[in-house]
Structures are given as C-alpha cells and as structure tokens.
Amino acid sequence: MRRYRAATLLAVTTTLAACSGGGSSPTVTPSATTPAPVVVVTSGDAVRLGKQATFGPTLALSDRIAAVGTAAWLDEQFAASSSSYADLAVRAVPLNYCTAMVPAVSTCTRDYFSSTPVAMEFYAHAVGNSDQLRQRVAFALSQIIVASDFEVHTTAGLAGFDQLLLDNAFGNYRTILRAVTLNPYMGDFLDMVDSLKAAPNENYARELMQLFSMGVNQLNADGSLKTDAAGAPIPNYTAADVHDIARALTGWTYARLAGAAANDRNQLDYSKPMVANAAQFDGSAKTFLGTTVPAGATQDANIDAVIDAAFNNASTAPYVAKFLIQQLVVSNPSAAYVGRVSAVFANNGAGVRGDLKAVIRAILTDADARGIAKTGGSDGKLKEPVLFTLSLARLLGAKSDGYAFVTRDAGTGQAPFRSPSVFNFYPPDYPLPLGGGLVSPPTKLMTTATILARHNIAYDWTIGGDSRTEFAPLASITGATGTQLDLAPWEALTDPAKLVDTIDLVMLNNTMTSQQRTALLAAINAVTDPVPATQAHKRAQTALYIVAASPQFQVDR
Amino acid sequence: MPVSRRDFLRLTAGASAVAMLGQLGQSAALADGTSSYRAMVGVFLFGGADNWNMIVPTDGRYAAYASGRSASLALPQASLTALPDVPFGLHPSFAPLLPAWTEGAMSAVLNVGTLFQPLTKAQYAASPNLRPLALMSHSDQQNEWQGLRMREPNLDGFMGRANDREAALAVPDLISLGGSTLAVIGRTSSPLILPSSGSLVRNGFNGAATDMPTVTRQAASTAFADATGLGTPTTLTSGAIGGGYAMALTTNAIISATTSTVDQYFKNPTTGAALTSDVSRQLLRVARMIEARGTLGHSRQSFFVSQGGYDTHSNQVDAASTTTGTQANLYADLAMALAGFYNAMKALGLADNVTAFTMADFGRTFRANAQRGSDHAWGNNHIVVGGAVRNRSIFGAYPDVTLGGPQDIDTNGRWIPTTAVEEYIGAIATWYGVAAADLPYVFPNLAAWTTAPRGLLPMFG
C-alpha cells in the first residue's frame, strides 16, 4: 500500500512541476512534499470503505472512518439507531380512501397509494441519517428480495415492507425470509395472498427459491456452479417442488383494517402480516426439496418447513453471499472471496447460520475489500443510479426531503421500490458488454438516455446548482423542506491544487492521472470572479462536475 | 447493381447462391442499396405472455381449448377475431391487425419455444440433460430466447451476434428501444440504445464554445475519458459513456423532432387518438429511425422492442369476462402499436422490407389457477407482421391440448414446443440477410435443426 501511494505522489509532484512552468504558480501541497504518512494511506482505505458501506463518502465520514478504524466504525454502524418509516405505516387506509374523499384531494393517490412518500424518505435518510450501513444493506436486500410499486400501490404496505428489511439488515436471514413470506405487500406482489388449495398459485413459491434463497442451480460453497458428470448444471428444484411448496403456502389472506374479520366485506390492511384462512389451506402431505410435511401439520409448521428448506439449502449461503458482495464491493468477486463470506453465512463462528451482521462484517473486512483502490482487470463496480446520485448529493453536502431525487430517478433507470419485476432492475449475471465474460449488473441500466441522465444530474446539481426549481419545497407536500446544498468544505479549499488533491482522494481513490490533473487544474483556474467567495463556489462546482461525470467516479474500485 | 427483393429471394433460394453470399460474408450480403433495405423488429413480451389466448383454433379443436382453459380463461368462440382462410381466430384485442392479415402481411407460429433438440415427452421425462436449462424461470428463459444457448451460459444475444458480422458503422444499425438487454449484446459490436420518450441532451455541453471556462472544462471532461489501467469495468464503462454522448448528438434530432411523417399512423383505429403506450412509443421511434435510414447510412436495421407486464399469475382476465382485463389491455396496446407500425411502413413504401415478430419468456399454463391467472410454462405462440411473410399462412403445429396428454410435461398444460426458436427466428434472420455462413455463429444450436423435416420455417416468399 505504501508503495502504491508513493507512486501516486510521484506523479502528482511531476504534474505540479509542469504546471508551475505555466502562468499562475500553484502552491505545492504539504502532502506532496512530505513522505506519505500512514494516515493518508488509511484515508484511501477509509474512502473506499465509505463507498462500500454508505451511500457515499463525505469528507467528514472519511475522516471518521480513518480516525477510529474499520472495525470500530463498523461497530458504530451496527449500533446506530435505525432510520424509520413509522410515520408512513399509519397510512394504512381503505382502498377507496381517495375516491371516497369529498371534496377530492388531488395528492391523495400520491400520498397513500404510491411509492413516492417511501422513496422520498429513503432518499432523505440516505442523504442525511447516520445509520448508513444499515440503510445500504437494507437497500441491497430490497434488490434481492424484491417487491415493487410497479404492481402494488400502497404507501403503508411498501413502507412496512422496507421497514422489515431495515429492521433485520443486521439480523438473521431466516427471520427475513419468514417475515417476507407473510408480508402482505409481498403477498400481493407475488400472489401468495389468497392462494387457494384448489389451484395453488406458484408465483411466490418459485421466486422464493430462485431469487430470494438458493437460486436456480446448485452452487459450490465458493459460488461457482456445481455440475454433474456430463458437465451440466444441477437444478436446485423441480416443477414438483415448486408445486408442493405452493400447496404448503396456501390459505393466507390479508389482515383487515382495525382487526376486523378476514372476509370480503372488510378492508385490507397492508400494514399487518397476513393471517391464516384455514378453509383455503391444503392440509394434505407435501414433499419438496427432500422435506416431507405430514398431512395435518399446522399452517405455521408448513411455513417453517418451507422457510427451513430454502434457508438451509447448501446453495443459499453462496447465493446470498455473492449477491451482497456484488451489491457492496465488486461485480466480479473472486471465488475465494465468495467462499470466505459464504462460510460465515453458513456459520458465524458461534454455530449460527444466516447472521447478517457477521456476513456484512466478513464482506467489508475481507482482504479483497480493504486497502486502497483495486485496479486489476476485473476490479470495479459501476455505481447503480441510486448510488451515483446519492454519492454526488452527499459530496455536495445535500440536505433533502427527497423530492428532488424522486424527480430524477426514473430517468436514470432506477426508481427505488419500483423495479419493473421481481427480477430487480438488473440481474446479477448481466454481462459487461465486450467484457469477455465479466458481469456488470448495473450496466443493464446504461443506455444513451441514462448515460445522459447521470451526466445531467452531475451538471445540474453542480454548475447549474444554484436556485433550482427541483430544490424548492413542493407546496403540495406537507412539511416539505426541499433540497439545500452546502459546498463550504470544498469552497474552503481555495488552493486549486489542494482542491484537486482532495477530490482525487475522496472521489477517485487517488487514481487521477497527471494529464487529468493538469486538465482539471486548467478548468478550475479558468473560472474567475472578482468576489473571492463566488470564485471559490464556482470553482468547486466546476471541479466537482468534471469528476462526478467522469467514468472513474461512476465506477467504484 | 441493386438486387430487387424478388431477385434476392430467387438468389437466396438456391443453395449455391447462399454459398456465394456466404463466401462474400454478411457485410457484402447486407451492403446493398436502399432497394434491398431490410429491417427486423423483435418485440419481446416480458413476463411470459399467455399467447394460448392470442391465437385460438376455431374448428373442431375449439372445444378442447375451451375445456382445457376452463371458463376461468377460455375466450368465447364468438369473441374471436376470425382470420380468413385459416381455422384460427385472434384474441379480440388483436382486431386492429386484421387488415394486415387480410393483406397477406401477417403470420403466426404455433407452439414455438426453447429446445436443445427435438424432444418427446418420454425423452423429457427420462433425460433432463436433453432439456433446455432452467425451464420456467423468467430470467433463464429470457436469456435462452435472446441468447439461444440452451444449455450453456448466455453472455451475448442473436441480434448482437448478427451485428458482429456486419461492418461497423458510425451509428450502429442494431438499435434497442427496449433498453439494454442480452439480445443486443454482441461479442465484438455494440448496439445503439435509445429511449422510448424524451430527448437526448447533454446539459452544459457546447462543441462550438470558445470561452475559456467552457473550453477548459470540456477539455478536462475529455481528459477524464481516459480510464486506462483502472480495470476492464471502468475502461469499458468509459467507452460506453463516450459512445452515449456521441450517439446523443447524432440521433437526438431524429427521435425528438416534434413531428415526422410516420407519427400519424400510431393512433387508436377506433377513436383516432394518438397511442400513448410504451410499446407504441418504442415502435414509433423505430419507424422514425427507419425513415431516417438514408441519413444514417443504414441498409439493414435490426430493432429490439419490449412490452412488459405479461406475468399474469392473477387477474389475467376480469371476473366478469375473459375478454377484458390485464391481458386484453396489454394485447390491445400491442396490436394497435403493431398495426400503426405496419401502416407507417406501408406509407414509407417499406411494407415488404420490414418484418416485426414477437418473443416472450415462455408460454403459460393452459390450466388456469384459482386467481384467474396462469403460471409459467413452455411452448407458446407468436405473430409476425410484415409484407414479406407468406400470404395468410400459419406455421408450426397446434398441440394436443389435453391436460396431462402426450404433449404436456405435467398436468397443467405445459406443452413441449414442436418448433424451436431457431427455426422461427432463424428464418427471419435469413430473410433479413444473415449469410448462411454466419448462421451457426448467430444461432449456436442451429445444427440441431438442420435435418428434415426440421429446419428454418418457410415463412417468406
């Protein structure tokens, strides 16, 4: 690590020398003239951890990680009090709530039957709340266990579903699987609710196995595909398994508002777990995944048997481990890395399977995750749109009620909680085009339009960032606060070289080339204003725009 | 010398002519002038459309259809849009395409699906290794339809591979309006991916700027395009971003012009209102890109279009009527968009030069579930729209729809396909101009379908 940093500094020094031959003579920064102290190296690692474990490192956050170290910072995050959607859970209302309003209220559907309030809170929390790791893990979980406002429109239901993921982000994966299975929002999304014994609906049964736990094919403990003697993949389950699990999951319906009886006359309550409807439960024997549930077993016993079969499947540990690594650290993890994390999923060291806190710690403290930027052939992870926008906003010192983000996210291809299907916004094995077999899941969202949408957010929120309409509080939203940016920490770096140094460290992990450094300094120096504060503001905007829009920032390493 | 369509067909009908074109390579086969312009437009129905309700037999087989689907999902015979000359009718939502059928510009392919090799029910049961991988999984079956490797990982798609064999162009002539998807990923080439709505403007960019702040800022942005040594994902992302900026400059005027001569055809045939569905907006922009083919220097164009929402496990049809509901609405959007597109092509004089065809994850269970829906299955039906298809013809074989019968892999009506995706799409790609020598590259499993009676469907001519 020291050697890498030294090489970078050498390049920086050379660049500065070249620059000083030109017009203005930038001050040589202390860090470029003194030997690299260990703390600088640690900062590079701290910044990298910030990219993996939060919605984007800020100067303050990087300093905090560097000050306390990885282990202590993770402990702080595990202990931080959780963000909450509790204020939205109370919006559980009858389905005719808006249509019955006299006079009609035009924002009613948005506020009670859309993902907008949930997404706004998601962004507000992500920009400003300190439980960054919990939120980041919950967001990752929301992409492995997907339920979407694309099909099911209830604000309270969606808030409850996402709360479940937040609450259990450091809990046990089995707890999540069981709670999700009886969650009414998921129940509606994948048709398990009111699945009847006469013709069980297979939708949830299939995706529980394929997407939420073991995956289609058997995996080795290191995430690689297990093959039979003929070299063919070995399916984890058959159509008969799907069918019998669907039978085991029959006989559940919505709770009704105010605890009313579960019949057709009473209004559905999406904020409470589903309740048994014994008359529609198939109580006969089932056989699936090597498990037999005897005839007469209770509905709860059936649920537990299904969850245990999914949770304890040998492929579930590597499947979930690899997915979370891809979400947090790198798109193409080594088999050894997956294997190490998978082993922790299987056993946290105290005999517990599925301990997510241990899994997250294993992911983030692994040798493949720590250290400064990794720039090997397969290293790198494209920032998914939400992460790109939030990382930029946090660098810009944003405080937000989330509305500005909601106006932008569809254009980037990723509106949180509005995945087009249970298959998330992108599959974990989406090929990196021309990548020779590498995958890059978020690249599925890179199109001409979204490439420009990302660029335009970077431009509009920096150079175009003063007094934007999208930042103003929206009158129709009760308690709206809008969005405010604060570039003061960047404006304080009035020495262009220092500004560039800091951007290089916090945004690019010190991978800026000498040519890029020269060009960035030229762009900064070309921005002048007779008022020093204005000049500092505009220079910060220009520098942050150029780097935020760059491919180097858009891909984390 | 330009080759007329008829000449091209006559030439390609002969094996020696095919061999000749193969020796010349696809770029030669595709490089002809506007007179031989061709486009294929694949419309993927994401979620797995239940196309057993798209086309329904109207002869003696209707009774078995009605019985197998039960009152939950079966369309009343009287509701079907009858197709002259064949014993089939379409879902009533497809009425807007009846004129295309009548004009000989529409076809259908029955019980087509992913296959590794020809397969009987006995073989299916006895030899899992003869089946495509991960049947009934959305993601895997989408990848197999688009990637056409049935038992290996799919890392690229048939449209992308066809594009690999064409000369690289300033603006790619493989264009997706349905986002980035496996079908358009090539091994050596890149597609153009355009949005179905909105314009493509890079805020703050001015290539003609002369003021120093803008000039130096843009120079810095250019310098940051260099991602050498940062790893393949960063390097390739940098290339993609640069490509996106360039394509925006080239194509924005075409896709976001306020009007074009083709827009007027995308309307509801009953009300006359402009179509607003996403699939209609995609096809409208396809039509605009076809209209601009000369400007773009395209003598061939292939397009990927998508429509989502077909995973109808519940409420596929309304409780009151099987002819209304989710499926009927999706079909209506699709049919009106395809009809509008066909009419636009006619107006451009390109009805015979453009072929649109549907694809989907899989067919759905013939047997209804308890929520007026259907679950994941296998064989499916598809439609082809364009003046080049054989007059009023239907290809493939309608299955014996006995639940648990000889073509059902279980008891829910999951039919083993009797036509392979390669036989279906391979025929379209060959018409489009993929050279015989390139077919094995574009369709890796084609060899399984070259022994008579199997082979590319005789859909054209």
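Cut-offs and rules
Residues numbered from 1 in each chain as written. Chains lettered and ligands numbered in written order. Predicted model: local features only at pLDDT ≥ 70, side-chain atom pairs only at ≥ 80, totals over all residues. pLDDT = per-residue confidence, 0-100. Contact = placed C-beta atoms within 7 Å. Axes fitted to C-alpha atoms, helices over the stretch in contact; angles between N-to-C directions. Helix = DSSP H or I, 4+ residues; strand = E, 2+ residues; numbered from the N terminus. Parallel < 35°, antiparallel > 145°, perpendicular 65-115°, else oblique. Left-handed = near helix turned anticlockwise from the far one by under 90°. Nonpolar A, V, L, I, M, F, W, Y, C, P; charged D, E, K, R; others polar. Buried ≥ 20, exposed ≤ 12 C-beta atoms within 10 Å, placed from the backbone. Pairing = 2+ DSSP bridges. Domains from an automatic or database assignment.

J.: Can you walk me through the confidence of the model for chain B in this structure?
T.: Keep in mind that low pLDDT regions are not for reading the predicted coordinates in detail. Taken over all residues, the pLDDT of chain B has a mean of 92, while the share at 70 or more is 92%. Scored below 50 in pLDDT, residues 1-34 of chain B makes 46 contacts in the model with residues more than four places away or belonging to other chains.

J.: Before we go on, may I ask you to explain the packing of helix H24 (residues 514-525) of chain A against helix H25 (residues 532-548) of chain A in this structure?
T.: In a pair of packed helices, the angle between the axes and the distance between the axes together describe the arrangement. Residues and elements named next belong to chain A. The interhelical angle for the contact between H24 and H25, taken along N-to-C directions, is 150°, at an axis separation of 9 Å. As far as their axial angle goes, H25 and H24 are roughly antiparallel. Crossing geometry of H24 relative to H25 is assigned as right-handed. Note on element contacts: H25 touches H24 through Arg-539, Thr-542, Ala-543 and Ile-546, opposite Leu-520, Ala-523 and Ile-524. Among the residues forming the contact of H24 with H25, the class breakdown is five nonpolar, one polar and one charged.

J.: For this particular structure, what's the right way to read unusual backbone geometry?
T.: Leaving glycine aside, a negative phi is the common case for residues, and trans is the common case for peptide bonds. Along the chain, A:Val102 connects to A:Pro103 via a cis peptide bond; the corresponding omega equals -5°. Structurally, the position occupied by A:Pro103 is in the loop between helix H6 (86-89) and helix H7 (108-112). Looking along the chain, the bond that leaves B:Ala452 and enters B:Pro453 is cis, with omega of 10°. Assignment of secondary structure puts B:Pro453 in the segment after helix H15 (439-442). Positioned with a positive phi, A:Ala258 is a non-glycine residue whose angle comes to about 60°. Of note, A:Ala258 is situated in the loop between strand S2 (255-256) and strand S3 (268-269). Of note in the backbone geometry, B:Asn315 takes a positive phi value of approximately 50° without being a glycine. Among the structural elements, B:Asn315 can be located in the loop between strand S8 (300-307) and helix H13 (326-347). Taking the C-beta count within 10 Å as the criterion, B:Asn315 has 14 such neighbours and is therefore assigned partly exposed.

J.: Honestly, the pairing of strand S10 (residues 380-385) of chain B in this entry has me stumped. Any pointers?
T.: Walk down a regular strand and you will see the side chains alternate between the two sheet faces. Residues and elements named next belong to chain B. For S10, the buried fraction is high: six of the six residues fall into the buried class. Burial along S10 is two-sided: the face carrying Asn-380, His-382 and Val-384 and the face carrying Asn-381, Ile-383 and Val-385 are both buried. Direction of pairing for strand S5 (residues 106-113) relative to S10: antiparallel, over a ladder of five bridges. Bridge pairing links Val-109 to His-382 in S10. Both strand S9 (residues 354-360) and S10 contribute to a ladder of two bridges, which runs antiparallel. Following the sheet pairing, Phe-357 is matched in S10 by Val-384.

J.: Help me out: how do you make sense of the sheet that holds strand S3 (residues 81-82) of chain B in this one?
T.: Note on sheets: strands pair through backbone hydrogen bonds, and any given pair is parallel or antiparallel. Reading across the sheet, the three strands line up as S2-S4-S3 (chain B) and stay open at both edges, with antiparallel pairing between neighbours. Because the sheet does not close on itself, it has two edges, and the strands there are strand S2 (55-57) and S3 of chain B.

J.: What am I meant to see in the interface of chain A and chain B here?
T.: It is common to give the size of an interface as the accessible area that goes away when the parts come together. Opposite the 70 residues of chain A that make contact, chain B presents 62 residues. Elements with a contribution of two residues or more to the side of chain A that touches chain B: helix H13 (203-210), strand S7 (381-382), helix H21 (448-460), H24, H25 and helix H26 (551-554) of chain A. For the side of chain A that touches chain B, the leading source of residues is H21(A), giving eight residues. Across the side of chain A that touches chain B, the residue classes tally to 34 nonpolar, 27 polar and nine charged.

J.: Explanation requested: helix H11 (residues 173-181) of chain A in the structure shown.
T.: What sets the pattern is the α-helix's 3.6 residues per turn: residues three or four places apart point alike. For H11(A), a buried count of seven out of nine residues is recorded, marking the element as mostly surrounded by other parts of the structure. Of the residues making up H11(A), those classed as buried are A:Tyr173, A:Arg174, A:Ile176, A:Leu177, A:Arg178, A:Val180 and A:Thr181.

J.: What is the right way to look at the domain arrangement of chain A in this model?
T.: Residues and elements named next belong to chain A. Once the domains are mapped, chain A shows domain 1 (174-314) and domain 2 (318-365). Computed from C-alpha coordinates alone, the two centres of domain 1 and domain 2 are separated by 24 Å. Counting residues at the interface gives 11 residues for domain 1 and 11 residues for domain 2. Here the side of domain 1 that touches domain 2 is composed, by residue class, of four nonpolar, five polar and two charged.

J.: What am I meant to see in the packing of H11(A) against helix H15 (residues 299-311) of chain A here?
T.: Residue and element names in this part refer to chain A. Here H11 crosses H15 at 135°, and the two axes come no closer than 10 Å. In terms of axis orientation, H11 runs oblique to H15. Viewed along their axes, H11 and H15 form a crossing whose handedness is right-handed. Between H11 and H15, the contacting residues are Tyr-173, Arg-174, Leu-177, Arg-178 and Thr-181 on the first element and Ile-303, Ile-307, Ala-310 and Phe-311 on the second. Partitioning the contact of H11 with H15 into residue classes produces six nonpolar, one polar and two charged.

J.: Got a minute to help me understand helix H7 (residues 138-147) of chain B in this structure?
T.: Residues and elements named next belong to chain B. For H7, the tally of buried residues reaches 10 of 10 residues, placing the bulk of the element in the interior. Of the positions making up H7, those classed as buried are His-138, Ser-139, Asp-140, Gln-141, Gln-142, Asn-143, Glu-144, Trp-145, Gln-146 and Gly-147. For H7, the elements touching its buried residues are helix H8 (158-164), S9 and helix H14 (421-432).

J.: What am I meant to see in the environment of B:Leu135 here?
T.: Residues and elements named next belong to chain B. Looking at where Leu-135 falls in the secondary structure, it is placed in the loop between helix H6 (121-126) and H7. A count of 22 C-beta atoms within 10 Å places Leu-135 in the buried class. Taking the C-alpha atoms as reference, Leu-135 lies 9.8 Å from Met-150; in sequence the two are 15 residues apart. Discounting residues that sit within four places of it in the chain, Leu-135 has contacts with Gln-141 and Trp-378.

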